[in-house]
Amino acid sequence: MNKDRIEMAYYSYVRVENKMYFSHIFFNGLFEMNLDDFSVKFICRFPEVDAREFCLHGMGQAVEYKNRIYFFPLNCRFIHSYDIEGGDIKGILLPMETPIETDRYFLGAYKWINKDKVWLFSRILSKGVFIFDLNSQDIQRDDILTNSLAKYQTITNFIETPNGKLYTCSLPDNILIEVKVDERQVKEYPIPIGSVKISSINYRKEAFVFADKYTGGVYEWKLGDKCAHIFMADKEERMSLKEAPFSLCCYGNNEMYIFPSRDKNIMKIASDSGLVKKAADYPEDFYFTNKWDEIAQFPAFGACEIMGDEIWLHPCIGNKLLIFNTKSNYIIGKELSIDISEVFPYEGQHYESQKISLESFCHRIKKTGIDSQSMERFEGEKIYDYLIKYF
């Protein structure tokens with residue numbers, strides 16, 4: 001990868017006609033991708049948050065409603081709204097109690113949409129459940145659901161089943177939580193998998209699928225069954241032992257595919273043996289990078305999306321968008337990148353993931369004619385911190 005270009009990485013995105021709009025994971029930036037040629041354009045910064053803040057918006061698709069795109073929070077307290085035609089962008093503050101310094105993250109807003117309303121569930125449920133009206137732009141706290149869910153310490157992701165119910169898993173006690181949003185009802189079901197550490201929950205063919213955080217096992221369980229069926233990985237190639245080997249899961253072309261978090265391979269459950277086996281080979285020029293491991297353990301892919309016979313694997317720590325054809329069992333990669341000067345026109349705002357050399361940095365400062373007096377103090381602090389760390 002050219003050090004003068006920035007690779008794209010995103011959790012939160014939405015398709016609008018032949019364009020995709022997404023929020024970059026590793027800094028504050030809204031981007032537009034042309035789905036015809038996979039070119040990328042930087043639109044703007046999201047307001048109300050620092051340009052260097054990462055993981056602003058949560059996993060899962062953003063929402064397009066009446067020509068506006070809404071991004072929901074992960075590492076901020078704002079719903080961000082972008083007008084596609086007019087270009088207006090704004091931040092809408094969630095009415096939460098002021099977080100303390102050691103607990104400043106919203107930790108994920110899992111959204112559920114019903115007509116013109118969006119329900120937001122914090123991963124720390126005691127922080128509250130909120131209802132966002134897409135027409136009036138009002139946000140209200142759902143006190144009934146907040147009080148019903150507050151006893152659960154922390155949860156995995158949410159999923160929605162075809163009958164319109166929401167489910168998540170309470171940790172560490174492995175309780176499946178059923179939420180009927182319209183009726184404000186909560187019900188729980190103990191999951192018969194013992195002390196397994198669940199990292200994510202998925203759903204297929206009336207069965208819940210749980211990924212084991214440590215062993216690489218995948219558990220499938222139907223409500224009412226006394227035990228769960230376990231599928232074990234035939235072989236693992238992990239990038240790290242710190243986090244779950246697998247996270248994302250989807251069902252396509254009559255096969256269950258499992259996508260890595262810290263494992264290196266795309267896997268599927270073999271129908272003949274029940275083993276979790278490697279599904280396909282990556283393109284030769286595809287690779288993962290661990291350059292962000294110092295900050296947090298990011299998953300291999302930001303999201304998976306089913307598009308007919310294809311599964312799109314949106315990039316997080318990989319260098320390409322991957323498009324996996326489940327019929328041909330072939331994966332192609334699309335490079336998504338943009339020139340660093342289009343995102344950071346003043347090179348004093350050093351893009352840390354590229355780790356440009358001091359010589360290159362000084363050359364760019366000279367080339368753009370930036371006067372040192374025009375740079376804010378925190379830019380100098382960033383340069384100092386960088387030099388101390390790497391030289």
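Above this text sits the structure in question.
In short, a report on the structure. On a predicted model such as this, the values are computed, not experimentally measured, just so you know.

Remarks on the sheet that holds strand S21 (residues 207-212)
Across a sheet, paired strands are connected by hydrogen bonds in the backbone, their directions being either parallel or antiparallel. Judged by pairing direction, the sheet is antiparallel, and its 4 strands sit side by side in the order S20-S21-S22-S23 without closing on themselves. Across the chains shown, the open sheet's two edge strands, defined by having one partner strand only, are strand S20 (198-204) and strand S23 (229-231). On average, each strand axis in the sheet is tilted by 25° relative to the strand beside it, whichever way the strands run. Pairing geometry for strand S22 (residues 218-221) and S23, over 3 bridges, is antiparallel. In the sheet register, Tyr219 faces S23, and the bridge partner there is Ile230.

Digging into the environment of Leu322
One can find Leu322 in strand S30 (residues 321-325). Sequence separation between Leu322 and Glu335 is 13 residues; the distance between their C-alpha atoms is 8.9 Å. Apart from the residues within four sequence positions on either side, Leu322 is in contact with Tyr282, Pro283, Phe286, Phe301, Ile311, Trp312, Leu313, Ile331, Ile332 and Gly333.

Description of the side chain of Arg68
One can find Arg68 in strand S8 (residues 68-71). Overall, Arg68 belongs to the buried group, its relative accessible area being 14%. Of the polar contacts made by the side chain of Arg68, one reaches the side chain of Ser81; its length is 2.6 Å. Those residues within four positions of Arg68 in sequence are excluded, and the remaining contacts are Val63, Ser81, Tyr82, Asp83, Asp88 and Lys90.

A few points about the packing of aromatic side chains
Under the counting rule described, the total for this entry stands at 20 aromatic pairs. Centroid distance Tyr70 to Phe132: 5.6 Å. Interplanar angle 65°. Geometry classified as edge-to-face. Placement of Tyr70 in strand S8 and of Phe132 in strand S13 (residues 129-133) is noted, with a sequence separation of 62 residues between them. Each of the two residues, Tyr70 as well as Phe132, counts as buried. The ring of Trp312 carries Arg15 above its face, with NZ or CZ at 4.3 Å from the centroid. Note that Arg45 overlies the ring of Phe344, its terminal NZ or CZ placed 4.9 Å from the centroid.

Each value, and the rule that gives it
Residues numbered from 1 in each chain as written. Predicted model: local features only at pLDDT ≥ 70, side-chain atom pairs only at ≥ 80, totals over all residues. Heavy atoms only, no water. Pairing = 2+ DSSP bridges. Helix = DSSP H or I, 4+ residues; strand = E, 2+ residues; numbered from the N terminus. Axes fitted to C-alpha atoms, helices over the stretch in contact; angles between N-to-C directions. Contact = heavy atoms within 4.5 Å. Buried < 20%, exposed > 50% of the residue type's maximum accessible area, 1.4 Å probe, protein only. Polar contact = N/O pair within 3.5 Å; in protein donor to acceptor, adjacent residues only side chain to side chain. Phe/Tyr/Trp six-rings, centres within 6.5 Å; stacked < 30°, edge-to-face > 60°. Lys NZ or Arg CZ within 6 Å of the ring centre and 35° of its normal.

Nothing here speaks to function; it is all geometry.
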